[in-house]
Amino acid sequence: MAAVRDRLAHAQADAAEAQGRYAQAVAERDQAQVQLEDLEQAIPTTRAQEAALRTEIANRAVVLYKNSDTSSGLGILQTNDPMDAGRKTKFTEVADKYYGKRVQELHDAVDRQQHEQADLQTKRNDLADAIPRFEQEKATADEKVAKATRGVAIAGQVEPLRAAGDPIMGPSVLTAAEMAAWLRSSGASPRLSAGVTVEQIAQMYVDEGTAENVRGDVAFAQANIETGGFSASGSDNNFSGLGACDGCGGQNRFPTALDGIRAQIQLLKAYAGGGPLTNPPSPYWWGPDPTTAANKYDNFGGKGSAPSWRQMGGGKWASDRSYASKVLGTYDKMIADAEGT
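Residues numbered from 1 in each chain as written. Predicted model: local features only at pLDDT ≥ 70, side-chain atom pairs only at ≥ 80, totals over all residues. Heavy atoms only, no water.

### Structural notes on the pattern of salt bridges
- In the structure shown here, the tally under the stated rule is 13 salt bridges.
- Salt-bridge contacts for Arg184 lead to Glu199; the nearest nitrogen and oxygen are separated by 2.9 Å. Of this pair, Arg184 sits in helix α3 (residues 176-185) while Glu199 sits in helix α4 (residues 198-212), and the two are 15 residues apart along the sequence.
- Classification of Glu199 by relative accessible area gives partly exposed; the value is 37%. (Salt bridge = Lys/Arg side-chain N within 4 Å of Asp/Glu carboxyl O. Helix = DSSP H or I, 4+ residues; strand = E, 2+ residues; numbered from the N terminus. Buried < 20%, exposed > 50% of the residue type's maximum accessible area, 1.4 Å probe, protein only.)

Here you go:
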């Protein structure tokens, strides 16, 4: 539990960082867009001010020209008061300098605004290109958090079952989707009856196990061992070696995958001494007559002799003394895959 909780904490920290990068990029992009919109209004305004000032300067030049002596250019000084003429001359010089300086300031302002606009456009475009990557990083991090959260839940369910000695009876910890995903990732090449999928098989194990309070996910692991990754016995719909023995020439056949899985779950319940059946006894394993089938289940010779998966080898389900460790070893791999470890 400590390991899976640590993994969850790291996943949550990574997700928070990914969310922060994404949120910052979106905020900066939006800010750049607002600034660009402001500049799109400001640049024409500044240009208009520059143009108006240039027009004003031109108009002043015309007025000055008209009021000047064309021969000497000193018409502006034609006044009876020399001091007044001096003041006019000085005023004209100062005004020309002011207007000229102001025009240059407006021209420089437009240049700065255009450079700022180009920089903001580049920044906005770069952020727009980066945001999908940050969004994907965030989604990946969120998936890891979900996986780690699920891992904590799985560990919390599996630990007490292991501590209890891996009983046959109990709930399925893994979902059908997790079981099927593990099988597909294991490199197995399932060969099942026509029209039946791995996902459907996994769901049958969960449903049948739940009905009888047998751990259907471990029964799925058992079937994986018996069939070599569901690559054999698919046409017989016998996924657990029912009817097979070291000196026998064959094994039982079942009309459907559900019939084969139901018989397997019911026999596991009988070995575990798990009490009365919820579903009718399988006619393809216990016998076609319902009364006889129920009697055979109730009086099964191995009834209650193997309440734990650890007891299923060495002559119970199989003669192989390492049978239980193989089944539970496969189950551990399924758990690790679902936990993300």
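### Brief notes about α4
- Along its 15 residues, α4 runs 21 Å from first to last C-alpha, staying within 8% of the 21 Å computed at 1.5 Å per residue.
- Listing the buried residues of α4 in full gives Val198, Ile201, Ala202, Tyr205, Val206, Glu208, Gly209 and Glu212.
- Looking one or two residues beyond α4, the residue adopting positive phi is Asn213, at roughly 55°. (Expected span 1.5 Å × (residues − 1).)

### Focus: the environment of Gly165
- Structurally, Gly165 is set in the loop between α2 (82-163) and α3.
- Each C-alpha atom, one on Gly165 and one on Pro307, is 9.2 Å from the other, the two residues being 142 residues apart in sequence.
- With sequence-adjacent residues up to four places away left out, Gly165 is seen in contact with Ser308 and Arg310. (Contact = heavy atoms within 4.5 Å.)

### Comments concerning the nonpolar core
- The biggest cluster of nonpolar side chains holds 53 residues, and the ones touching the most others in it are Tyr205, Phe220 and Met312.
- Those elements that place two or more of their residues in this core are α2, α3, α4, α5 (216-227), α6 (257-272), α7 (290-298) and α8 (323-339).
- Broken down by element, the residue count for this core peaks at nine residues, all from α6.
- Once residues lying within four places of it in the same chain are set aside, the contact partners of Tyr205 are Met179, Gly216, Ala219, Phe220, Ala223, Phe230, Phe239, Ile261, Gln264 and Ile265. (Core = buried A, V, L, I, M, F, W, Y, C linked by side-chain atoms within 4.5 Å.)

### With respect to the confidence of the model for the chain
- In this model, the chain carries an average pLDDT of 90, and 89% of its residues clear a pLDDT of 70 or more.
- For the chain, per-element mean pLDDT is lowest for α2, which scores 88, and highest for α4, which scores 98.
- Overall, residues 70-74 carries pLDDT values under 50, and its contacts beyond four positions in sequence, including any with other chains, amount to three contacts. (pLDDT = per-residue confidence, 0-100.)

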